[in-house]
Amino acid sequence: NNMKAVLLLLLLVTYVVSNSLVQESIAELLLTEQHEPEEDFFDYTLNFLKGYFAEPNTCDVSRTLFKQCDGAWGSIMISDKTLCQVGCLISSVSMLLNSRGKSISGASANPSTLLSWLKSHGGLSGNLFVWGSVGSLGATFVNHVTSTSEIQKYICDTNYEVVLNVNGGGHYVLATGYTSTGYSVNDPGFSKSSYGFSEVTRASIFRV
């Protein structure tokens, strides 16, 4: 009888231990097979889409606007053409100088005063502006860039000014910022305040 009792006790202990191990195994299996809750996956997807379609950083700065055909200087000859005809780059450079408080021989910077100074300081090649000529006026030419991200970096850096070449390379404007669709500008020749990223051929960078 004692032997039977011992055997029954051993069987009972074995059953309890085995059953406990089985339950633990089932619990572990359920844990390894369970998925992320549906709402967590939804939140992850939503956050991903928000990041993907998020509005990029933008910036906007105020700059002086000069029109190349202004009656005060539009008829002044550069070489064999007038400021009104081909003075968009000179006008854009005069805008950045004026916006930064740079004077020209003691006078306020504008297309007329800049053109006069360029003529007497080797700043012209025919009707063309010489890029490195205005360093002594406080605007040192750095380089030309074409990368959109690099152009945006310079536009919002207070140490630089950016002149954009647009209209297939035939026109120049002063950049004043950018948005998700393009650049905001001061246009000396047309009644436009912005150009799309794809409309810009290159940017010319000046350190001020």
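Residues numbered from 1 in each chain as written. Predicted model: local features only at pLDDT ≥ 70, side-chain atom pairs only at ≥ 80, totals over all residues. Heavy atoms only, no water.

Visitor: I tried to follow the packing of aromatic side chains on my own but got confused; where do I start?
Guide: The geometry of an aromatic ring pair is captured by the separation of the ring centres together with the interplanar angle, meaning the angle of the planes. Applying the stated criterion across every chain, the model contains eight aromatic pairs. With 5.6 Å between their ring centres and 85° between their planes, Phe129 and Trp131 make a pair best called edge-to-face. We classify Phe129 as buried; its relative accessible area is 8%. For Trp131, a relative accessible area of 16% gives the class buried. Every member of this aromatic cluster is reached through a ring pair, and the members are Phe129, Trp131, Phe141, Tyr172 and Phe206. One residue, Lys192, lies across the ring of Tyr195, its end atom 3.9 Å from the ring centre. (Phe/Tyr/Trp six-rings, centres within 6.5 Å; stacked < 30°, edge-to-face > 60°. Buried < 20%, exposed > 50% of the residue type's maximum accessible area, 1.4 Å probe, protein only. Lys NZ or Arg CZ within 6 Å of the ring centre and 35° of its normal.)

Visitor: Explanation requested: the pairing of strand β9 (residues 182–186) in the structure shown.
Guide: Within a regular strand, the side chains alternate between the two sheet faces. Of all five residues in β9, five are buried; the element is thus mostly enclosed. Where strand β8 (residues 171–178) and β9 come together, four bridges link them in antiparallel fashion. By the bridge assignment for β9, Ala175 is matched with Val185. Adjacent in sequence and paired antiparallel, β8 and β9 are bridged by three residues. (Helix = DSSP H or I, 4+ residues; strand = E, 2+ residues; numbered from the N terminus. Pairing = 2+ DSSP bridges.)

Visitor: What is the right way to read empty space enclosed by the protein from this model?
Guide: A water-sized probe rolled over the atoms picks out the places where empty space is left. Under the counting rule described, the total for this entry stands at one cavity of 30 Å³ or more. The volume enclosed by the largest cavity comes to roughly 30 Å³. Every residue lining the largest cavity is listed: Val61, Arg63, Ile155, Tyr160, Glu161, Val162 and Ala175. Grouping the constituent residues of the lining of the largest cavity by class yields five nonpolar, no polar and two charged. (1 Å grid on protein atoms, 1.4 Å probe; cavity = no way out; pocket = protein on both sides within 12 Å on 5 of 7 lines; lining within 4 Å. Points joined across faces, edges and corners; volume = space filled by probe spheres on them. Nonpolar A, V, L, I, M, F, W, Y, C, P; charged D, E, K, R; others polar.)

Visitor: Please explain the packing of helix α4 (residues 88–99) against helix α5 (residues 111–120) as it appears in this structure.
Guide: If you want to describe how two helices pack, look at the angle between their axes and the distance between the axes. Across the interface, α4 lies against α5 with an axial gap of 9 Å and an inter-helix angle of 110°. The angle between α4 and α5 places the two elements in the roughly perpendicular class. Side by side, α4 and α5 meet where Ile90, Ser91, Val93, Ser94 and Leu97 of the first sit next to Pro111, Leu114, Leu115 and Leu118 of the second. Among the residues making up the contact of α4 with α5, the classes are represented as seven nonpolar, two polar and no charged. (Axes fitted to C-alpha atoms, helices over the stretch in contact; angles between N-to-C directions. Parallel < 35°, antiparallel > 145°, perpendicular 65-115°, else oblique. Contact = heavy atoms within 4.5 Å.)

Visitor: Would you explain the environment of Asp157 in this entry?
Guide: Its location among the elements puts Asp157 in the loop between α6 (148–155) and β7 (160–166). Residues Asp157 and Cys59, 98 residues apart in the sequence, show an inter-C-alpha distance of 9.8 Å. Only 2.9 Å separates the side chain of Asp157 from the backbone nitrogen of Asn159, close enough to count as a polar contact. (Polar contact = N/O pair within 3.5 Å; in protein donor to acceptor, adjacent residues only side chain to side chain.)

Visitor: What is the right way to read the pattern of salt bridges from this model?
Guide: When their charged atoms lie close together, side chains carrying opposite charge are able to pair. Taken as a whole and judged by the stated rule, the model has three salt bridges. Residue Glu161 pairs with Arg63 through a salt bridge whose shortest N-O separation is 2.7 Å. Here Glu161 is found in strand β7, whereas its partner Arg63 is found in the loop between β1 (59–60) and α3 (83–86), with 98 residues between them in sequence. The residue Lys192 makes a salt bridge to Glu199 at a minimum N-O spacing of 3.7 Å. A relative accessible area of 33% means that Glu199 is categorised as partly exposed. (Salt bridge = Lys/Arg side-chain N within 4 Å of Asp/Glu carboxyl O.)

Visitor: Where do I start with the confidence of the model for the protein chain in this structure?
Guide: Model confidence for the protein chain is summarised by a mean pLDDT of 85, while 73% of its residues fall at 70 or above. Throughout residues 29–39 the model reports pLDDT below 50, and contacts reaching past four residues in sequence, or to other chains, amount to zero contacts. Taken as a whole, residues 50–55 scores under 50 in pLDDT and shows one contact with residues more than four places along the chain or in a different chain. (pLDDT = per-residue confidence, 0-100.)

Visitor: Just to check I follow, could you spell out the state of the cysteines for this structure?
Guide: One way to say it: the disulfide is the covalent bond shared by the sulfur atoms of two cysteines. Scanning the model with the defined rule gives two disulfides in all. Disulfide partner of Cys59: Cys156, at an S-S distance of 1.8 Å. Between Cys59 and Cys156, the S-S torsion sits near -100°, and that sign places the bridge as left-handed. Of this pair, Cys59 sits in strand β1 while Cys156 sits in the loop between α6 and β7, placing them 97 residues apart in sequence. On the basis of relative accessible area, Cys59 is assigned to the buried category, the value being 16%. Of the residues examined, Cys156 reaches a relative accessible area of 34% and is grouped as partly exposed. Here Cys69 engages in a disulfide with Cys84; their sulfurs sit 1.9 Å apart. The sign of the S-S torsion, about 85°, decides the handedness of the disulfide formed by Cys69 and Cys84: right-handed. (Disulfide = S-S within 2.5 Å.)

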